[in-house]
Amino acid sequence: MQLVIFFLMILTHTYADYPVLKAVLSEKGLRDVSQMMAVWIQNKLKSTEFPEVRGGVDIGIGTVNYAISNIQVVHCSMSGPSIEFEKGTVVSVKVSKLSFAIKGSWKTQFSIIHDGGSFDLAVYNININTLLGLGDEAGRLSITTISCCDDVGGVNIQFHGGASFFFQPFVSTLQGQISEMIRVRICPAIQQAISELKMNLQKMPVSIPVDQYIYLSVLFTSSPAVTDRSFELDIKGEFYSKSFPSEPPFSASAFDIKYAENYMLSLAASEFFVNSAAYAYLSSEVLQINITENMIPKSFPFHLHTSQFGVFIPQLHTLYPNMEMQVLLYASKTPLFSFSSGVIDFQLPAAAKFSVVKPDGTLVPLFRLDVDSSFSGSALIDNKRLTGVFKMKSLTLTVGSSEIGDFKTAMLEQMLVTKVNSFVLPKLNDYLKTGFLLPTLHNFSLINSKLLIENGFVVIFTDVEDSWAVSMKT
């Protein structure tokens, strides 16, 4: 169950009209979660602390007082657990035929006679059936225990050392006490664990800082939809500028996914998700860079100098001979991504303000060039890494304003196209070829993942591995 909740916690909410993110857990996902829970339950039992058991047995001539302590679980097994969908917002968690072996110490006192030794205890055929309700409470995921029932099939105890044979007539009494002690603690322990989980969910921050410029709104807007075959949640997600939070001039569009039954989880994000991040960065005024001559490698064939730009703009060399230049490059509008079948398109409207650097360091504005460019590419997941490749579709260069008179941009445009294709894109694609390692959060990692680019959204079909559970198995 914790794995299911984990995936819901990492998804987000916004005020767009349509869901921006979708998550679907399949029946295969539940089966795999059940296997992870089996490892988790067994290791939890092994670390469980049991209280000391004290009592007395009347033997007719007095009472034999006993104490059972140092109780430790040394082995456990089960045939489950199983997690089942129930229509609405309910998930059923069943644990059947849970058995475990315990060892510990015993002591007795009869008048001035003391004795002690060790014991072996087997508790078998424990059955637990719990219904959990999932909902939305003030924009955060809520989980409650609807019902819980349990029973303990039986207990068998053997005493060793000292006069342990003395205990044998009273074993049935002790077994009953221990059985009841275990039974009455099962459901309260489950309810307490769920209550603590609910409290932790309600304490989660409603916004997550991404970096110093933007943050991601984290709120749920609907209760999970549980069908007889899947666990579904529609989520709305949006990035905001920390300094100038505002809604973008575009809205989310409706999209729908068909989850893959042979994968545990299907995760989808619409174009709005990434475009809201671009708008948030634009609003934060960070999509800009001031390029100076000393930033350009000496081996680069073109430099920020009036002697070189004079080839394209003759009056520049006449007005400002042999002087360095500086350029402020910035996104003039929000860069936008669009997804279509197998293809990612990217539009980048930009502007470049050129200035000449006088000997005293002051800047003299020269002109502004408007650059409209578009690129297309693809992405895939290869060996747990998100990789991609892009190529240029178009690039146009126009004069936005000029303090040195009119000039033609055809040669500049051709030079820019050449440099982007021969220098910028190869560097970018080398970086994208290496790719980004898929994230591992709270011990959970994505494996056997597949990425598809559909019309208006991207979807990842994936299985999930709990590294902690894997390490426990080994």
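Above this text sits the structure in question.
Every value quoted in this text rests on a predicted model; they were computed, and no experiment measured them.

Parameters and conventions
Residues numbered from 1 in each chain as written. Predicted model: local features only at pLDDT ≥ 70, side-chain atom pairs only at ≥ 80, totals over all residues. Heavy atoms only, no water. Disulfide = S-S within 2.5 Å. Helix = DSSP H or I, 4+ residues; strand = E, 2+ residues; numbered from the N terminus. Buried < 20%, exposed > 50% of the residue type's maximum accessible area, 1.4 Å probe, protein only. Salt bridge = Lys/Arg side-chain N within 4 Å of Asp/Glu carboxyl O. Patch = residues over 30% accessible without salt bridge, like charges linked within 9 Å, V, L, I, M, F, W, Y side chains within 5 Å. Areas by Shrake-Rupley, 256 points an atom, 1.4 Å probe, with all protein chains shown as cover. Pairing = 2+ DSSP bridges. Axes fitted to C-alpha atoms, helices over the stretch in contact; angles between N-to-C directions. Contact = heavy atoms within 4.5 Å. Expected span 1.5 Å × (residues − 1). Bend = angle between axes of the 7 residues up to and from the residue. Phe/Tyr/Trp six-rings, centres within 6.5 Å; stacked < 30°, edge-to-face > 60°. Lys NZ or Arg CZ within 6 Å of the ring centre and 35° of its normal. Polar contact = N/O pair within 3.5 Å; in protein donor to acceptor, adjacent residues only side chain to side chain. Core = buried A, V, L, I, M, F, W, Y, C linked by side-chain atoms within 4.5 Å.

A. Examining the state of the cysteines more closely. Applying the stated criterion across every chain yields a total of one disulfide. One disulfide in the model links Cys148 with Cys187; its S-S distance is 2.1 Å. Between Cys148 and Cys187, the disulfide has an S-S torsion of -85° and is therefore left-handed. Here Cys187 lies in helix α3 (residues 171-202) and Cys148 lies in strand β7 (residues 140-160), a separation of 39 residues in the sequence. With relative accessibility at 8%, the residue Cys187 sits in the buried group.

B. Inspection of the pattern of salt bridges at higher detail. Considering all chains together, one arrives at two salt bridges under this definition. With a shortest N-O distance of 3.0 Å, Asp370 and Arg368 are connected by a salt bridge.

C. Representation of a nonpolar patch on the surface in the model. On the surface, a nonpolar cluster with roughly 250 Å² of combined accessible area is contributed by Ile289, Met295 and Leu329. In this structure, Leu329 sits in strand β15 (residues 325-331). We classify Leu329 as partly exposed; its relative accessible area is 34%.

D. Up close: the sheet that holds strand β8 (residues 207-209). With antiparallel pairing, the three strands of this open sheet are ordered in space as β8-β9-β12. Two strands bound the open sheet, and with one partner strand each, they are β8 and β12 (239-241). Each strand of the sheet is rotated relative to its neighbour by a mean of 35°, with strand direction disregarded. Where β8 and strand β9 (residues 214-217) come together, three bridges link them in antiparallel fashion. Note on β9: the bridge partner recorded for Pro209 is Tyr215. Against the sheet, helix α4 (residues 271-283) contacts β9 and β12, and its axis sits at roughly 5° relative to β12.

E. Quick peek at the environment of Asn322. Relative to the helices and strands, Asn322 resides in the loop between α6 (314-319) and β15. With 16 residues separating them in the primary sequence, Asn322 and Thr306 have C-alpha atoms 5.7 Å apart. Not counting chain neighbours up to four residues away, the residues in contact with Asn322 comprise His305, Thr306, Ser307 and His317.

F. Representation of helix α7 (residues 410-434) within the structure. An ideal rise of 1.5 Å per residue puts 36 Å on 25 residues; α7 measures up with 35 Å between its terminal C-alpha atoms. If you look at α7, its biggest bend is around 40°, right at Val420. Where α7 is buried, its residues touch α5 (306-309), β18 (363-382), β19 (385-402) and β20 (436-437). Of the residues flanking the end of α7, it is Gly435, one or two places downstream, whose phi is positive at about 80°.

G. Layout of the packing of aromatic side chains. In total, this model carries 11 aromatic pairs according to the counting rule given. Ring pairs connect the aromatic residues Phe309, Phe354, Phe367 and Phe407, which therefore count as one cluster. When the ring centre of Phe255 is taken as origin, the NZ or CZ atom of Lys22, which lies over that ring, is 5.3 Å away.

H. Examining the side chain of Ser99 more closely. Tracing the chain through its elements places Ser99 in strand β5 (residues 90-110). Ser99 has contacts with His75, Cys76, Ser77, Val123, Tyr124 and Asn125, leaving out every residue within four places of it along the chain.

I. A look at the environment of Lys393. Note that Lys393 resides in strand β19. Through-space distance from the C-alpha of Lys393 to that of Ser376 is 6.4 Å; in sequence the pair is 17 residues apart. The contacts of Lys393, once residues within four sequence positions are left out, are Asp345, Ser374, Phe375 and Ser376. Only 3.4 Å separates the side chain of Lys393 from the side chain of Asp345, close enough to count as a polar contact.

J. Looking closely at the pairing of strand β22 (residues 444-454). Both β22 and strand β23 (residues 457-466) contribute to a ladder of nine bridges, which runs antiparallel. Paired with Lys450 across the two strands is Phe461, which belongs to β23.

K. A look at the nonpolar core. Core analysis: the largest hydrophobic core is formed by 76 residues, its most contacted members being Phe309, Ile313, Phe354, Leu366, Phe367 and Leu412. Per element, the largest residue contribution to this core is seven residues, and it comes from β18. Not counting residues up to four positions away in its chain, the partners in contact with Ile313 are Phe367, Ile404, Phe407 and Leu412. Membership of the second largest hydrophobic core comes to 27 residues, among which are Phe50, Tyr66, Phe100 and Phe159.

Everything listed here is a matter of geometry and, on its own, says nothing about what the molecule does.
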